[in-house]
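Tertiary structure, described
Next come the chains, spelled out residue by residue.
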Amino acid sequence: MSESVIIAETNKGSIASVTAEMVSAAIALGTTPTVVVPCTDASIADSAGFEGVSKTIAVKGDCFTNYDASSWAAAIDAAAPAGIIIAAASPQSKDLAARIAARRGISVVQDVVAIDGMNLTSPIYSGKAMQTVAISGNVAISVRANIFQPAGATAANVSVVDQSGDVATAVQEIIARASTRLDVSEANIIISGGRGMGSPDNFSHLEKIADTIGAAVGASRAAVDTWDEIPHSMQVGQTGKTVNPNLYIAVGISGAIQHLAGMRSSKYIVAVNKDADAPIFAHADYGIVATWEEALPVLESAFSSMMA
Amino acid sequence: MPNIVVLVKRVPDTNARIVVNGNRVDLSAVKWVISPYDEFAIETALQHKEAEGGTVTALTLGPAEADKILKDAKAIGVDEIVRVWDDSWSDLDSNGIQSALSQAISNLGAEVVYCGKTAADTGAGSTGPGIAEKLGWASVSNITNASFGGGITVTTPVEGGSANVSVSGNAVISCDKGNMKVRKPNVKGIMMAKRAQVSVVSADAPTPSVTIVSQTPPPAKPAGKKFEGGSSAQEVARLLRDEANVI
């Protein structure tokens, strides 16, 4: 059986749930995975044990304090065995996977959503089509979250490798987001507004629901282009962020092709739109034909009582 | 004064409908454009030149059809336009593309490379960091702002916010939109672009280890449940909890 190397995804200093999903991807590829945990404190690797994984390597180094692509790639490459590299398809880990692949002289396949033997499927044109490729030999891949079944947790068999890397960039200043709300690229639930919201002030109704259920607030391109108050960082779509949360709630968004391209792979989609013929409904698991003024207060109070 | 390269890619317009014919996408009817994020890379490269002097060369990999987007870049204001290609290439994988581009970048004597954060066709975002690794350079991806003067300082997203990061030495920097407004071609630029010559250079690319098997339409989603009226939001909330298990 050939080998693979899973680069653990970390979030706020702990192992992110997508790491367990990568184990299933490794097994689907017919490989025996080793989990590699980039860290400054090796104790976080203790929770990186999974069924089907016999080895966890904590790669500990000062270079992992902040993300610096070249030193991370160098340090992980030095500590990880040969094999297929598997990373999460987060913006940072896709970047890292590409660098490690180039370092090893191998190719990279990003955003994998299905594995069949050595055939890997990823969305192209932001999900307007799917592409299946065949791989031969070692490659690096990144896998989308919320696709593969998470492997069960078990005790980790951790070895610690101290590794330094020459940091090529210097962080001058970290600017915390003004709100504590998640960014759309980090969230498992997203509620997005379109031009149907009528004015940027009305996004406060989306924010209220977002705070109730721990969601991020997104926006369509039409909303971002129309209102200066709605920043591009909120934009979901082919020219914004591609997201695949567990739940995507689209409010006052008609469903332009370039918006659909950025969110259609979400696990569940709810659409609220007053136009029963809006294209977004063809992609919604649950559609509500109503104005946002009618639907959002009801949704907010229902969620509030569930969360209470 | 910096020798600046900006990578550009020819892609279908993001408003284009993507049609699949016989296991391959059929792009015969689409309008081709510079990949949207590459426009922010061109803008950043031109701002860098305005701050520190030097030259900006737009570089693409592709067949002769890609000359059009190089001329579009010329019309916006880049100095030189270069295309790397070998007629024996078809469906290069990421290792091949990065190898060829990094050779061309080395031969141009570049010190800093700007590119879009992802291309609108693959959405992969592999080329910038991959080239940086092959060149042994630093890389910073997905930047939303750049400032110049005694080095480059960029703003890049980090968990919980963003960071201002300074880059010294040679680097590949991939650009997100941020709050950037891109300049449009002016009449003089368009006239100059018409006369501009594309330099075509060659490079070596390794044999692909990733080959395309098929391209297919996205899987159709089973019809969802549709409700009338705002009060149905109560029922939808219940289904999200009890049926979908996502709340």
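These numbers come from a predicted model, not from an experiment.

Criteria and cut-off values
- Residues numbered from 1 in each chain as written.
- Chains lettered and ligands numbered in written order.
- Predicted model: local features only at pLDDT ≥ 70, side-chain atom pairs only at ≥ 80, totals over all residues.
- Helix = DSSP H or I, 4+ residues; strand = E, 2+ residues; numbered from the N terminus.
- Buried ≥ 20, exposed ≤ 12 C-beta atoms within 10 Å, placed from the backbone.
- Contact = placed C-beta atoms within 7 Å.
- Pairing = 2+ DSSP bridges.
- Domains from an automatic or database assignment.
- Nonpolar A, V, L, I, M, F, W, Y, C, P; charged D, E, K, R; others polar.
- Axes fitted to C-alpha atoms, helices over the stretch in contact; angles between N-to-C directions.
- Parallel < 35°, antiparallel > 145°, perpendicular 65-115°, else oblique.
- Left-handed = near helix turned anticlockwise from the far one by under 90°.
- Core = buried A, V, L, I, M, F, W, Y, C linked by C-beta atoms within 7 Å.
- Expected span 1.5 Å × (residues − 1).
- pLDDT = per-residue confidence, 0-100.

Some points on the overall build of chain B
When its secondary structure is counted, chain B shows six helices and 16 strands. With respect to the three principal axes, the spread of C-alpha positions in chain B is 65 × 45 × 40 Å. A total of 247 residues make up chain B; the buried ones form 50% of that total. Within chain B, contacts between residues at least 6 apart in sequence are counted, and of these 71% link residues at least 24 apart.

What about the overall build of chain A?
Counting its secondary structure elements, chain A contains seven helices and 18 strands. By principal-axis analysis of the C-alpha atoms, chain A measures approximately 55 × 40 × 35 Å. The 308 residues of chain A split such that 61% are buried.

Observations regarding the pairing of strand 4 (residues 31-39) of chain A
Residue and element names in this part refer to chain A. Here six bridges tie strand 1 (residues 2-7) to strand 4, and the two strands are oriented parallel to one another. What sits directly across from Ser2, in strand 4, is Thr31. Pairing between strand 4 and strand 5 (residues 55-60): six bridges, direction parallel. Paired with Pro38 across the two strands is Val59, which belongs to strand 5.

Things to note about the domain arrangement of chain A
Put simply, an interface is often sized by how much accessible area is lost when its parts join up. Residue and element names in this part refer to chain A. Its domain assignment divides chain A into domain 1 (2-162) and domain 2 (189-307). Between domain 1 and domain 2, the C-alpha centre-to-centre distance is 31 Å. Taken together, the nine residues of domain 1 in the interface contact nine residues of domain 2. Among the residues forming the side of domain 1 that touches domain 2, the class breakdown is four nonpolar, three polar and two charged.

Re the packing of helix 7 (residues 292-307) of chain A against helix 6 (residues 233-242) of chain B
Direction vectors running N to C along helix 7 of chain A and helix 6 of chain B enclose 40 degrees, while the axes themselves pass 8 Å from each other. If you check the angle between helix 7 of chain A and helix 6 of chain B, you find them oblique. Where helix 7 of chain A crosses over helix 6 of chain B, the handedness of that crossing is right-handed. Facing A:Ala295, A:Val298, A:Leu299, A:Ala302, A:Phe303 and A:Met306 of helix 7 of chain A, the residues of helix 6 of chain B in contact are B:Ala233, B:Gln234, B:Ala237 and B:Arg241.

Examining the interface of chain A and chain B
Contacts between the two partners involve 76 residues from chain A and, on the opposite side, 73 residues from chain B. Among the residues forming the side of chain A that touches chain B, the class breakdown is 41 nonpolar, 22 polar and 13 charged. Across four bridges, the pairing between strand 18 (residues 286-289) of chain A and strand 16 (residues 225-228) of chain B is parallel. The partner of A:Gly287 across the bridge, within strand 16 of chain B, is B:Lys226.

Points about the pairing of strand 5 of chain A
Residues and elements named next belong to chain A. Burial analysis of strand 5 places five of its six residues in the buried class, the great majority of the element. Relative to strand 12 (residues 158-162), strand 5 runs parallel, the two sharing five bridges. Each residue of the ladder has a partner; that of Ile57, found in strand 12, is Ser159.

Observations regarding the sheet that holds strand 16 (residues 247-251) of chain A
If you trace the six strands from one edge of the open sheet to the other, you get 15(A)-14(A)-16(A)-17(A)-18(A)-16(B), paired in parallel fashion. Of all strands in the sheet, those with a lone pairing partner are strand 15 (216-219) of chain A together with strand 16 of chain B, marking the two edges. Strand-to-strand twist across the sheet, computed as the mean angle between neighbouring axes with direction ignored, equals 15 degrees. Bridge count between strand 14 (residues 189-193) of chain A and strand 15 of chain A: four bridges; the pairing is parallel. Bridge pairing links A:Ile191 to A:Val217 in strand 15 of chain A. Sheet strands in contact with helix 6 of chain B are strand 16, strand 17 (268-273) and strand 18 of chain A together with strand 16 of chain B, and its direction is about 170 degrees off that of strand 18 of chain A.

Here's the deal with unusual backbone geometry
Residues and elements named next belong to chain B. The phi torsion at Asp91 lies on the positive side, around 50 degrees, for a residue other than glycine. With respect to the helices and strands, Asp91 occurs in the loop between strand 7 (80-84) and helix 3 (94-108). Looking at Asp91, the number of C-beta atoms within 10 Å reads 10, which means it is exposed. Phi at Asn142 takes a positive value of approximately 60 degrees, unusual for a residue other than glycine.

Overview of the nonpolar core
In this structure, A:Val36, A:Ile86 and B:Val6 are the most contacted members of the largest nonpolar core, which totals 124 residues. Setting aside residues no more than four positions away along its own chain, A:Ile86 makes contact with A:Ser4, A:Val5, A:Ile6, A:Ile7, A:Met22, A:Ala25, A:Ala26, A:Ile141 and A:Val143. Counting residues in each nonpolar core, the second largest holds 61 residues, with A:Phe303, B:Val25, B:Leu240 and B:Ile247 among its members.

Comments concerning the environment of B:Val246
If you trace the backbone, B:Val246 turns up in the segment after helix 6. Residue contacts for B:Val246: discarding those within four places in its chain leaves A:Asn246, A:Leu247, A:Lys267, A:Tyr268 and B:Leu240.

What about helix 7 of chain A?
The terminal C-alpha atoms of helix 7 of chain A, which comprises 16 residues, lie 21 Å apart, in line with the 22 Å expected from a rise of 1.5 Å per residue. The set of residues buried in helix 7 of chain A consists of A:Trp292, A:Ala295, A:Leu296, A:Val298, A:Leu299, A:Ala302 and A:Phe303. In the core, the buried residues of helix 7 of chain A are packed alongside helix 4 (203-213), strand 16, strand 17 and strand 18 of chain A together with helix 6 of chain B.

Structural notes on the sheet that holds strand 13 (residues 171-175) of chain B
Residue and element names in this part refer to chain B. Reading across the sheet, the seven strands line up as 9-13-8-1-6-7-14 and stay open at both edges, with parallel pairing between neighbours. Either end of the sheet is taken by a strand with one partner, and the two such strands are strand 9 (138-143) and strand 14 (199-201). Going across the sheet, the axis of each strand differs from the next one's by a mean of 25 degrees, ignoring polarity. One ladder, built from four bridges, connects strand 9 with strand 13; its direction is parallel. Residue Val140 lies in a different strand from strand 13, and its bridge partner there is Ile173. Along the sheet face, helix 4 (residues 127-135) touches strand 1 (3-7), strand 8 (112-116), strand 9 and strand 13 and points at about 170 degrees away from the line of strand 9.

Points about the confidence of the model for chain B
On average, residues of chain B score 95 in pLDDT, and 100% of them are at 70 or above. As a predicted assembly, this complex carries a pTM of 0.92 together with an ipTM value of 0.95.

Description of the environment of A:Asp228
Mapped onto the elements, A:Asp228 comes out in the loop between helix 5 (221-226) and strand 16. Counting along the chain gives 48 residues from A:Asp228 to A:Thr180, while the straight-line C-alpha distance between them is 21 Å.

A word on helix 2 (residues 69-79) of chain A
Among the 11 residues of helix 2 of chain A, nine are classified as buried, and the element is accordingly described as predominantly covered. For helix 2 of chain A, the set of buried residues is A:Ala69, A:Ser70, A:Ser71, A:Trp72, A:Ala73, A:Ala74, A:Ala75, A:Ile76 and A:Ala79.

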